[in-house]
Every structure is written in C-alpha cells, then in structure tokens.
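Topology and contacts: notes
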Amino acid sequence: AGGPIKSYSPELIVHPLLASASPGDEAPEASHAARVEAGVGAVGPWVPRCDAFLVGPGLGRDPAVMEATARLVVEIIACNRRVVLDADGLFILSSALAATPRTPSQEALVAAIKSSPE
C-alpha cells in the first residue's frame, strides 16, 4: 500500500519496510525477532525528524509487523510527535488495551498512551 499512499502527495514520506512473513519461512521465531529489529531499525531514525505519523493503512496483521509498529508508536509518543492510528493501526491499539497478559511491547504502548499529554 506504500505506492498508493505516497501518490497522494509528494510531501509524504512512506516506509513500506515492515514486510509480512512469507509462507514456508524457516525458523519463524528467529525470523520474527530479526524482522522486528529490522523494521524498528529502519523506521526508528525517522521519528525525531518528522512532525507526525500515520500508522495503519496497508499495515496488515503479521505478528512481527504489529510488534515492530507497536514499538515505533511508543517511540513516536516518547518523542512528543503526533501519531494518527487508522485501519490496522487501531488493531494494534485495541489489542494492546485488551490483551491479558500483555507483551512488553503492549505494556509500553499502554503506558505511553496513558502518559501522553493529549
């Protein structure tokens, strides 16, 4: 969905980097952790440089993508940047609020949202 979203305006910075796992991937646990770290590492440096973020359209529900995105949302909030959650981004929020027990990423997301000034 990166191409269609980017086509709305040349001012948009779109990062279609958080790819879902391919069927038949070997060592899914190692692949999961590596994909989470790769996604956070690729997008994370942009957080302090941007004013606002739109998270969700075209994201999908792959567990590694969702975990990386939750970590990035925590970082975005910690940097006092605005974030708009839409589409699958709302799924991240709802799963973080409803899940029991929560993963560390979900705990951090809930804590960041509760401490946000707005």
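The structure we're discussing is the one just above.
The text that follows walks through the structure, step by step, so that each part is easy to find.

1. Some words on the pattern of salt bridges
- Scanning all chains against the criterion turns up 3 salt bridges.
- Here Arg-35 makes a salt bridge to Asp-62, at a shortest N to O gap of 2.9 Å. Separated by 27 residues along the polypeptide, Arg-35 in helix H2 (residues 28–43) and Asp-62 in the loop between strand S1 (52–55) and helix H3 (63–78) bring together distant segments of the chain.
- Take Asp-62: its relative accessible area is 12%, and that puts it in the buried class.
- The shortest N-O distance in the salt bridge between Glu-37 and Arg-71 comes to 2.7 Å. Highlighted residues: Glu-37 in helix H2 and Arg-71 in helix H3, separated in sequence by 34 residues.

2. Focus: the nonpolar core
- Membership of the largest hydrophobic core comes to 15 residues, with the highest contact counts inside it found for Phe-53, Val-55, Leu-59, Val-73, Ile-92 and Leu-109.
- Of all elements in the fold, only S1, H3 and helix H5 (104–115) reach the threshold of two or more residues within this core.
- Looking at this core, the element that brings in the most residues is H3, giving 7 residues.
- With residues up to four places along the chain from it excluded, the contact list for Val-55 reads Thr-69, Val-73, Val-83, Val-84, Leu-85, Asp-86 and Gly-89.
- Core analysis: the second largest hydrophobic core is formed by 6 residues, Val-40, Val-43, Ala-68 and Leu-72 among them.

Rules used in this analysis
- Residues numbered from 1 in each chain as written.
- Predicted model: local features only at pLDDT ≥ 70, side-chain atom pairs only at ≥ 80, totals over all residues.
- Heavy atoms only, no water.
- Salt bridge = Lys/Arg side-chain N within 4 Å of Asp/Glu carboxyl O.
- Helix = DSSP H or I, 4+ residues; strand = E, 2+ residues; numbered from the N terminus.
- Buried < 20%, exposed > 50% of the residue type's maximum accessible area, 1.4 Å probe, protein only.
- Core = buried A, V, L, I, M, F, W, Y, C linked by side-chain atoms within 4.5 Å.
- Contact = heavy atoms within 4.5 Å.

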